[in-house]
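# Close look at the chain arrangement
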Amino acid sequence: MSKAANQGFVFAQSNLGGYYSMGQGVEKSAEQAVYWWRKAAEAGNAEAGANLARAYSLGEGVGRDDALAATWAQKASDGRNADAQYMLGILYSQGRGVAQDNDLAFRWWMKAAVQGHVVAQYNVGVVYRDGQGVGKDERQAFEWLSKAADKDNDLAQFALGGLYWDGLGVTKDPVQAARLWRKAADQRNAFAQKALGTAYSEGAGVAQNSADAAGWWLKAARQGNVDAQLALAYASANGVGIARDDKAAESWWLEAAKAGSVDAEFSLGSLYYRGVDGKPNYKEAAKWFFKAAGHGSSGAKTYLDLMKENGQLDSKML
């Protein structure tokens, strides 16, 4: 391959860049990958152009440069390379290297989706679902998300499950929703794990099982899913599907609070007010109620007024 590349054979140059990028048969070198992709891209190879655009976008083997990423993605997209078309859509969506334009982002994703690019198909489905860059069309959303889900894309499986759950663009079917969420959850999709836990909690689409609900929430919570952390904390505090454990509830609410959850701040205040394992801590309760109140929680303000009336706030807290 090196011999052919050095003799100017464009496909060999593009492939050699891939070998260096993956460390396949040669020591991995992002710089060498860029070197060979540039040669091939300048000779008009669309695949190399797409890889070069990606390198500039991520700053791999070359300094990050969104403008050059967009330039090479455009050239490769004009050569009908689906990866480049998808990437160009991302750049327009985020306004990186080009002016932000949801309409153009959708157009490039659609071009890639028609060619079978799975993530582009997912993006097209989401755009139709949310109506960003194109008119909202839940039926079209269902069709495009189905294409990507059929190719085992976990993001599409989660989103398609949501359409079945809510009856958007398709007849409401909690069983299908749960089936799709299970597929995505088995691929470690935290959003699907949280949703599947909710299905088990409510007994919708699956047999009601609080223990299974807590189990799926735990998987999602460990991946940093805030909604799952909140659900698991509540389950732990109340012994629903899991042993009652104030310390575990405290730990998960603290994790969610770090991520900025006002619900977690209020819940921590409530937990400390009634007491972890029956031992109230008014100082900690006030601290978290003040945080939640500052973020707009009316319930926290009510608790603070109650604590003032009961003499549970000292001057230092105020």
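Check the entry above for the structure.
Report follows, based on the coordinates. What you see as residue numbers is a count from 1 along each chain, following the sequence as written. Local features in this predicted model are restricted to residues whose pLDDT is 70 or higher, and side-chain atom pairs enter the listing and the counts only when it is 80 or higher, whereas totals over whole chains, interfaces and linings include all residues. Water and hydrogen atoms were dropped before computing side-chain values, which therefore reflect all heavy atoms in the structure.

### Observations regarding the overall build of the chain
- Helix numbering and strand numbering both begin at the N terminus, where a helix is a DSSP run of H or I of at least 4 residues and a strand a DSSP run of E of at least 2. Within the chain, the secondary structure is distributed over 18 helices and zero strands.
- Exposure classes here rest on a 1.4 Å probe applied to the protein chains alone. A residue is buried below 20% of its type maximum, exposed above 50%, and partly exposed in between. For the chain, buried positions account for 45% of its 318 residues.
- Any pair of residues with heavy atoms lying within 4.5 Å of one another is described as a contacting pair. In the chain, once contacts between residues fewer than 6 apart in sequence are set aside, the share between residues at least 24 apart is 41%.
- All accessible areas in this document rest on Shrake-Rupley with a 1.4 Å probe, and a residue is counted as covered only by the protein chains that are shown. If you sum the accessible surface of the chain, you get close to 15,800 Å²; carbon and sulfur atoms cover 48% of it.
- Of note, the chain has its 35 positive side-chain charges centred 2 Å away from the centre of its 35 negative side-chain charges. The charge count includes Lys and Arg as positive and Asp and Glu as negative, but it does not include His or the ends of the chains. For this purpose, a charge sits on NZ of Lys, CZ of Arg, CG of Asp or CD of Glu.

### A look at the packing of aromatic side chains
- Pairing of aromatic rings covers Phe, Tyr and Trp, the last counted by its six-membered ring, and requires centre-to-centre distances within 6.5 Å; plane angles under 30 degrees mean stacked, over 60 mean edge-to-face, and any other angle means tilted. Evaluation of the coordinates by the stated rule reveals 11 aromatic pairs.
- Geometrically, the ring pair formed by Phe142 and Tyr164 is edge-to-face, given 5.6 Å between the ring centres and 80° between the ring planes. One end of the pair, Phe142, is in helix H9 (residues 138-150); the other, Tyr164, is in helix H10 (residues 154-166), and 22 residues separate them in sequence.
- Overall, Phe142 belongs to the buried group, its relative accessible area being 11%.
- In textbook terms, an aromatic cluster arises when at least three aromatic residues are bridged by ring pairs, as seen for Phe266, Tyr273, Tyr282, Phe289 and Tyr303.
- The rule for a charge over a ring is simple: NZ of Lys or CZ of Arg within 6 Å of the ring centre, and within 35 degrees of the ring normal. A cation sits over an aromatic face here: Lys111 above Trp108, 5.6 Å from the ring centre.
- Looking at Lys147, its charged tip hangs above the ring of Trp144, at a distance of 5.4 Å from the centre.

### Focus: the side chain of Thr198
- Examined against the element boundaries, Thr198 turns out to sit in helix H12 (residues 190-202).
- Polar contacts, as used here, are pairs of N or O atoms within 3.5 Å; protein pairs need one atom able to donate a hydrogen and one able to accept it. Residues neighboring in sequence count only if both atoms are side-chain atoms. Of note is the side chain of Thr198, whose polar atom sits 2.8 Å from the side chain of Lys194.

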